[in-house]
Amino acid sequence: MPVASHRAAASDPHEALWNAAKELEASFLSEMLKSAGIGKTPDSFGGGIGEDQFASFLRQEQARSMVDSGGFGLAQSLFEALKERSDAKG
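What counts as what
Residues numbered from 1 in each chain as written. Predicted model: local features only at pLDDT ≥ 70, side-chain atom pairs only at ≥ 80, totals over all residues. Heavy atoms only, no water. Axes fitted to C-alpha atoms, helices over the stretch in contact; angles between N-to-C directions. Helix = DSSP H or I, 4+ residues; strand = E, 2+ residues; numbered from the N terminus. Parallel < 35°, antiparallel > 145°, perpendicular 65-115°, else oblique. Left-handed = near helix turned anticlockwise from the far one by under 90°. Contact = heavy atoms within 4.5 Å. Salt bridge = Lys/Arg side-chain N within 4 Å of Asp/Glu carboxyl O. Buried < 20%, exposed > 50% of the residue type's maximum accessible area, 1.4 Å probe, protein only. Phe/Tyr/Trp six-rings, centres within 6.5 Å; stacked < 30°, edge-to-face > 60°.

1. Thoughts on the packing of helix α2 (residues 12-35) against helix α3 (residues 48-68)
- As a packed pair, α2 and α3 sit with axes 8 Å apart at the nearest point and diverge in direction by 125 degrees. In terms of axis orientation, α2 runs oblique to α3. Helix-helix and strand crossings are classified by hand; for α2 and α3 the assignment is right-handed. For the pair α2 and α3, contact is made by K22, E23, E25, A26, S27, L29, S30, L33 and K34 and by R59, Q60, Q62, A63, R64, M66, V67 and D68, respectively.

2. Description of the pattern of salt bridges
- Inspection of the entire model under this criterion finds 3 salt bridges.
- Between R64 and E23 there is a salt bridge; the shortest N-O distance is 2.9 Å. Separated by 41 residues along the polypeptide, R64 in helix α3 and E23 in helix α2 bring together distant segments of the chain.
- A relative accessible area of 30% places R64 in the partly exposed class.
- Judged by its relative accessible area of 34%, E23 is partly exposed.
- Overlapping salt bridges, with partners in common, bring together E23, E61 and R64 in one network.

3. Structural notes on the packing of aromatic side chains
- Taken as a whole and judged by the stated rule, the model has 3 aromatic pairs.
- On the basis of an interplanar angle of 35 degrees and a centroid distance of 5.7 Å, the ring pair of F54 and F57 is categorised as tilted. Residue F54 and its partner F57 are located together in helix α3, separated by 3 residues, close to a single helical turn. Each member of the pair, F54 together with F57, is exposed.

Okay, structure coming up:
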């Protein structure tokens, strides 16, 4: 299910779950981008220590943008699992 259509389907009780699932996917993607070397300071003409310190913020925002553009489906799977668990308790 595409992210855009799921946003419309997410009701108020499930909106917090959907947002949590998207953040989890973004965190996962951020770590994958880090492992892939995205945001690594170049050896020459880099921004120095300041660039190193803020690279994680850039990666996190890039990951959030990827999730907002549809991601790769992890948020959907997490949302369904969280929703199922929430519905079972309620």
